[in-house]
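# Survey of secondary and tertiary structure
Listed below, chain by chain, are the residues.
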Amino acid sequence: MEINKNSEEHHYGHNSYRDALTTVDDSGKRIWVFARKFKGKWFNRRKWVGYILFLFFISAPFIYIDGHQMLQFDFIHRKFVMFGSVFWPADFYLFVIGFIAFIIFIFLFTSILGRLWCGWACPQTIFMELIFRRIEYWIEGDAYAQRKLDNMEWNDGKVRKRGLKYFAFFVVSFLLSNIFLAYIIGSRELLKITEEPLSMHIGGLSSIVIFSGVFFFVYSYMREQVCTIICPYGRLQSVLLDSKTLIVGYDYKRGESREKWGKTRSEKAGDCIDCGQCVDVCPTGIDIRNGLQMECIHCTACIDACNSVMLKVNKQPDLIGYKSLDGIETGEKFRLNTRRKLYIALISVLLFILVLLLSTRSDVQADILRTPGLDYVMKSKDTVQNLYNVKILNKTFKNMAVELRLEDIPGHITTVGGKNISAAGEDYGEGIISVEIPKNQLQKADNPIRIGVYYNGKKLSNVKTTFMGPTI
Ligand code: SF4
Ligand code: SF4
C-alpha cells in the first residue's frame, strides 16, 4: 500500500494501531463490537442499493426464462444456466477467460474505488448490516443496551432476548440457506423437498441444515471477523490500494488537532471535536482517524455519524468522506496512472475476447471420431467408405435432430439406422455414420476432412476429422 508515510507519521505520530487487531485484546481474546445505530444520507443510499441487490438475490432462482431458471449453478451436474443459456464443462474456457477478466476488473476497480464492493454490494455486508444487525437492534436495542445486556448476569429477560434473537437469526439463516440451495439444485427441486416425503431428499435436507448452520454461525458469531480476517479480497487491499485510491478517509488536515467541544477549545483546534461517534458506529471497531486500515470495509457509517456531528457544531460536512490520501494531503484531483491504464487496456482486450467467444459459441458440441479398429472399405471400384462414431452435446434446452454434411469435398453421409442423430435438450446424442467419398478426391492415405453439423438448415458447428483411403 503506497501510503504517504511522512504525512501519516507527521500527523498520527505512530503506527502502532497497525500492529494489533481492534477486535482482539492483548491476551488474544475477542473484543465484541457493539456498533451504534446511525442514520444518514450515505446509509440511505447504501440501504437502497443493498435492498435491491438482496431482492435480486432472493428472486433470481424463482425467475424463469423460457421455462428455465434464470440463474443456476448446478455444480453437482456441472451445468450452469445464465439468462436462458446453458453452459457445460465444454464451455470451461469461457469461464476461465471470464474469471481472469473479472479478477483484473476487481484489481482495477479496487485500485480506483477501494473497497466499494465490500461496503455496498458484498452479500456478507448486506446480510449482516441490513438484516441481522437490524434484527439485533430491534430485539436487544442500540449498542448501549446490547452491551448492558451482555454484561448482566443471566436472568429471564436476558434468556428471552437472546433466545428470541438467536431464534430469529436461525430462521433467517434457514431461509437464506434455502435460497442458496435453489441456486445449486434449482428452485423446482427445492420445492419438491417441501412437497415430497423428506426421506426422498436426505441429501437436499442435509445441505439445508449445513448451510443454515454455517449462516447462523457467521452472522451470530463470526460477523466482522469474516471481513477483517477471513476474506481473501480484504487481505488483498494492501497491494491493491495506493495513495490515489478513493477511500473512506478522515481529513486530518482539517480535523486536527482534535479537541473536545466546549469553552476550553483552543485557537488551533481542528474541526474534529473528538466525540468518538465515528468509532462508535464502526462495525469493524476501528478508528478511521488513525488512517487507512485493512479492517475498513468502506461502509460509510462513520461519514454519516461525523456529518451529523458537523451539522450540530455548525461546520462543513465531510470531515470524513470519500477521499484519496493524496487528495487529503495535497488537494490533488484523481488521475489515471500507468498501472490503471494498463488494467483498463487488459480488461478491454479480455472483454472483447469474451464477447467474441460468447457470440460465436455453438449450440452443440460434436465429437466425430473414426470407429476404432476399422479400416476403410471400398464400397465400389470408385468409392471409399469410413465409419465414424458421433457424439453430440446439445447445449440448448430444446431437442435437436442434427444433420451432418460433408464440407469442401464431394461425397455423402448416411446415418446407420437411417435417422438423423437426436440429442435431447441439455443432453447427449450418439450415433454411427458412414461417410463415402469418391476415390479420385483422396490425395493420400490419411485425408483431413470437415463435417458440418446442421439443424433446421442452419450450420451449428464444424468438425475436423480424417478420412482413410487407399494409398495412391
Ligand atoms: S471506518 Fe468507517 S467506513 Fe470503515 S468500516 Fe468503520 S465505519 Fe465503515
Ligand atoms: S465523528 Fe467526526 S468529530 Fe467526532 S470524533 Fe469522529 S471525526 Fe471527530
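Structure shown above.
The structure presented is a predicted model; accordingly, all values stated were derived computationally and were not measured.

So, how was this worked out
- Residues numbered from 1 in each chain as written.
- Chains lettered and ligands numbered in written order.
- Predicted model: local features only at pLDDT ≥ 70, side-chain atom pairs only at ≥ 80, totals over all residues.
- Heavy atoms only, no water.
- Axes fitted to C-alpha atoms, helices over the stretch in contact; angles between N-to-C directions.
- Helix = DSSP H or I, 4+ residues; strand = E, 2+ residues; numbered from the N terminus.
- Parallel < 35°, antiparallel > 145°, perpendicular 65-115°, else oblique.
- Contact = heavy atoms within 4.5 Å.
- Nonpolar A, V, L, I, M, F, W, Y, C, P; charged D, E, K, R; others polar.
- Phe/Tyr/Trp six-rings, centres within 6.5 Å; stacked < 30°, edge-to-face > 60°.
- Buried < 20%, exposed > 50% of the residue type's maximum accessible area, 1.4 Å probe, protein only.
- Pairing = 2+ DSSP bridges.

Contact pair helix 2 (residues 41-59) / helix 7 (residues 156-185): the axes reach a minimum separation of 9 Å and the direction vectors enclose 60°. As the angle between them shows, helix 2 and helix 7 are arranged oblique. Residues Phe-54, Phe-56, Phe-57 and Ile-58 of helix 2 form the contact with helix 7, whose participating residues are Leu-176, Ile-179 and Tyr-183. Considered class by class, the residues forming the contact of helix 2 with helix 7 number seven nonpolar, no polar and no charged.

By the definition in use, this model includes 21 aromatic pairs. Measuring from ring centre to ring centre gives 6.3 Å for Phe-73 and Tyr-183, while their planes differ by 15°; the resulting arrangement is stacked. Of this pair, Phe-73 sits in strand 3 (residues 71-74) while Tyr-183 sits in helix 7, and the two are 110 residues apart along the sequence. For Phe-73, a relative accessible area of 26% translates into the label partly exposed. We classify Tyr-183 as buried; its relative accessible area is 11%. Taking 6.1 Å as the distance between ring centres and 70° as the angle between the ring planes, the aromatic pair formed by Phe-127 and Tyr-219 counts as edge-to-face. Of this pair, Phe-127 sits in helix 5 (residues 123-140) while Tyr-219 is found in helix 9 (residues 202-222), placing the two residues 92 residues apart along the sequence. By the burial criterion, Phe-127 is buried, and Tyr-219 matches it.

Before going further, it helps to spend a moment on the sheet that holds strand 3. Here we have three strands laid out as an open sheet, ordered 3-4-5, and antiparallel in their pairing. In this open sheet, the two edge strands, each paired with only one partner strand, are strand 3 and strand 5 (85-87). Between one strand and the next, the sheet's axes are offset by a mean angle of 20°, whatever the strand orientation. For strand 4 (residues 79-82) and strand 5, the ladder comprises three bridges, and the chain directions are antiparallel. Residue pairing across strands places Phe-80 opposite Phe-87, the latter belonging to strand 5.

As a further point, take the side chain of Asn-447. Examined against the element boundaries, Asn-447 turns out to sit in strand 15 (residues 446-455). According to the relative accessible area criterion, Asn-447 is buried, its value standing at 5%. Those residues within four positions of Asn-447 in sequence are excluded, and the remaining contacts are Leu-442, Thr-465, Thr-466, Phe-467 and Gly-469.

Cis geometry is found at the peptide bond from Glu-256 to Ser-257, where omega equals -5°. Counting through the fold element by element, Ser-257 comes out in the loop between helix 13 (252-255) and helix 14 (277-280). The backbone phi angle of Arg-223 is positive, close to 45°, even though this residue is not glycine. Inspection of the secondary structure puts Arg-223 in the loop between helix 9 and helix 10 (224-230). In this structure, Asp-274 is a non-glycine residue whose phi angle is positive, near 55°. Looking at the element boundaries, Asp-274 is found in the loop between helix 13 and helix 14.

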